[in-house]
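Report on the structure
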Amino acid sequence: MSNFLDFVYAHFGFIGSALKRIVPKFEDDIEAAGIKIYPEVFLSVVGLAAIISVAIPISLIVLDLLSIIVIKDPIIYGLASVSPIIVILFGFVYPKLVASNRISGLKNEVPFASLYMAVMCSGGLSPYNSLIRLKNTDLLPHLKREIRKIEGIIFSLGLDPVSAMERAARVVHLREYKELLLGYVSILRSGGDVLHYLHMQTENLFAELRNRFKSMGDNMNVLMESYMIVGVLGALGLYMMFVVSFSLPTAGIGFTAENFFLFSFIILPFMSLLFIYFGDALQINYPTYQKKIYLTIALTLPLSILLLTQLVLPYFTKGIPVIHPFDKIIPTLKSIFEFEEGTEPALGMALSLSIILLPSIVTTHICLKNERGIFYGLTTFIRDLVESRKMGLSPEKCIKLLSKRDYGKFSKHLKLINSKLNWGFSLHQIFEDLKKEIKSWLSLINLYLLIDTIEIGGGTEEGIETLARFSESLRLMEKERRSNLFPLLLVAYLGAILLTVTSIIFLKFFSSGGATGWFSIPYVTLKRVLLTPLIFHSFMIGLVAGKLVYGRVSSGFLHSFLLILCAVMGIWVASHYSLLLLHI
């Protein structure tokens, strides 16, 4: 990697210097993002990428001249020609995005760091040593980087730990992090009660976290309404423009089928992804994810792509060979359910997307149900552990006693913990084994705090009581989050159904007009071009709804499937009932 950077800087360093003069504070953005590359070298790589991107419009022109591909729409050339500018702008913005992501992640982790320091301090461990211990876990990755910075300041500048914490906190642009460390430094130097300060600071941080959950509901509401305006009303306007342009070529609109597909399969999906990104930036997210869900997608994706090439593309592109028995699937479905002529590619699109969605829906349901069950059982267990400790039993005896109770999904893991304790395993060895089985971040961070409270902090009643109280607070916040955001699903469903119904009524209107001789249009071709993107857009609406409501794109798979089903049912109704009946 270093050889490549040296080569780029040696030959394209003049571009990096020129770009750096455009953005004088770019060095601060690089430092805030934690990118270990000299700013001019980074911008030299951006300049090289911009030069390479010039090949895109040149390649399109050459392919068009050689008649390998035929491009009639000048918009495509316009988008390709600005690709170098897009690359340069992305190079400027990328460090800001990385820095924003780091600050956002650190903001979510600070309350748990404060809780850990308070619990450990109640067991006799100093806050600095508590903070250093968090370097050993991967559950708080953003905080782990900041702790390494503190250690780096101590070893490189020879400062004492308190001064190093103060110096490191001042350069981080996050109020919560600064208040936690600088407040501790001030209390320590003034001789105040550090344990009381940490408890109060933890209370304040969790109160702010609760307020962030509430404000997040308002933000998601605004995002969903904005997406409905762009994704539904914008799509309706797009569909109507295309239908009018397709039906009345003399109207002068000039909105071709190529333009329509460009907007339907590139621009609108890009807007959907943009809203998913905004949702991710405004939500409180945790740093772990379920690999099983995305592994399921990876396994079903090749089959889905194959079905797209066999069931959808042949209706729009000539020369694509259709393999037996794929050539019989859509005609058979069309014959069984009596769909109209022209609905074939829409049915193919629905079937292709369902191949990805159905296995992923099952996997997502199992994983999320398991996550919530484990977290609920764990918080109940920690509360029972506190009450058992009050009877004077040791933590190990309490675990043995409580392993006989039912804690739902967490019960089998608790029995495994008790069994391994009896065999002489340490709690941290047990935790490393549990990390392979439990994928819920909230459950893992609570387990980590509990195990360190027992092993390092002595498992005092005060420490476990503090952990139990905040674990229950987290469970309540998660429950309120789901209940507050759930009504947004209704907005997504109403928007998608409105898009489907309006598009179908518009189609039936034009078919009725053609039948009475007002104007003649190729109705079958119009249906193929119009209904296929409708299925795909319903799929994207479901993904956005899942992200904005549940915080995960995978939670939108079920809603994508249901919205696709609604769109297909709307097409079936339109195939069996006249425009007059639809009005009734």
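Right above here is the structure, for reference.
For clarity, every value in this text was computed on a predicted model and none was experimentally measured.

Turning next to the overall build of the chain. The helix and strand tally for the chain stands at 24 helices and zero strands. Expressed as a percentage of the 584 residues in the chain, the buried residues total 49%. Restricting to contacts in the chain with at least 6 residues of sequence separation, those with at least 24 account for 73%. Only carbon and sulfur atoms are counted for the fraction: they give 66% of the accessible area of the chain, which is about 28,200 Å². Between the mean site of the 53 positive side-chain charges and the mean site of the 44 negative ones, the chain shows a separation of 3 Å.

Another point: the layout of surface pockets. Considering only enclosed or pocket space, the second largest pocket measures out at about 630 Å³ in volume. Taken together, 21 residues form the lining of the second largest pocket, with Glu 31, Ala 32, Arg 102, Lys 149 and Val 171 sitting closest to its centre. Breaking the lining of the second largest pocket down by element, the ones donating at least two residues are α2 (26-33), α6 (83-122), α8 (141-157) and α9 (161-170). Examining the composition of the lining of the second largest pocket, we find that five residues originate from one element, α8, more than from any other. Along the lines of polarity and charge, the residues of the lining of the second largest pocket split into ten nonpolar, two polar and nine charged.

In this fold, Ser 443 is placed in helix α19 (residues 441-455). A distance of 3.4 Å separates the side chain of Ser 443 from the backbone nitrogen of Phe 375, its partner in a polar contact. Of note is the side chain of Ser 443, whose polar atom sits 3.2 Å from the side chain of Ser 440. Sequence-distant contacts of Ser 443, defined by excluding residues within four places in its chain, comprise Glu 371, Ile 374, Phe 375, Leu 378 and Ile 438.

Before going further, it helps to examine a nonpolar patch on the surface. A grouping of Phe 90, Val 93, Tyr 94, Leu 97, Tyr 277 and Phe 278 is seen on the molecular surface, where their side chains present a nonpolar patch of about 530 Å² in accessible area. Secondary structure elements with two or more residues in the nonpolar patch: α6 and α12 (257-282). When residues of the nonpolar patch are assigned to their parent elements, the largest contribution, four residues, is made by α6.

The rules behind the values
- Residues numbered from 1 in each chain as written.
- Predicted model: local features only at pLDDT ≥ 70, side-chain atom pairs only at ≥ 80, totals over all residues.
- Heavy atoms only, no water.
- Helix = DSSP H or I, 4+ residues; strand = E, 2+ residues; numbered from the N terminus.
- Buried < 20%, exposed > 50% of the residue type's maximum accessible area, 1.4 Å probe, protein only.
- Contact = heavy atoms within 4.5 Å.
- Areas by Shrake-Rupley, 256 points an atom, 1.4 Å probe, with all protein chains shown as cover.
- Lys, Arg positive; Asp, Glu negative; His and termini not counted.
- Charge placed at Lys NZ, Arg CZ, Asp CG, Glu CD.
- 1 Å grid on protein atoms, 1.4 Å probe; cavity = no way out; pocket = protein on both sides within 12 Å on 5 of 7 lines; lining within 4 Å.
- Points joined across faces, edges and corners; volume = space filled by probe spheres on them.
- Nonpolar A, V, L, I, M, F, W, Y, C, P; charged D, E, K, R; others polar.
- Polar contact = N/O pair within 3.5 Å; in protein donor to acceptor, adjacent residues only side chain to side chain.
- Patch = residues over 30% accessible without salt bridge, like charges linked within 9 Å, V, L, I, M, F, W, Y side chains within 5 Å.
- Salt bridge = Lys/Arg side-chain N within 4 Å of Asp/Glu carboxyl O.

By themselves, these observations are geometric and do not establish any function.
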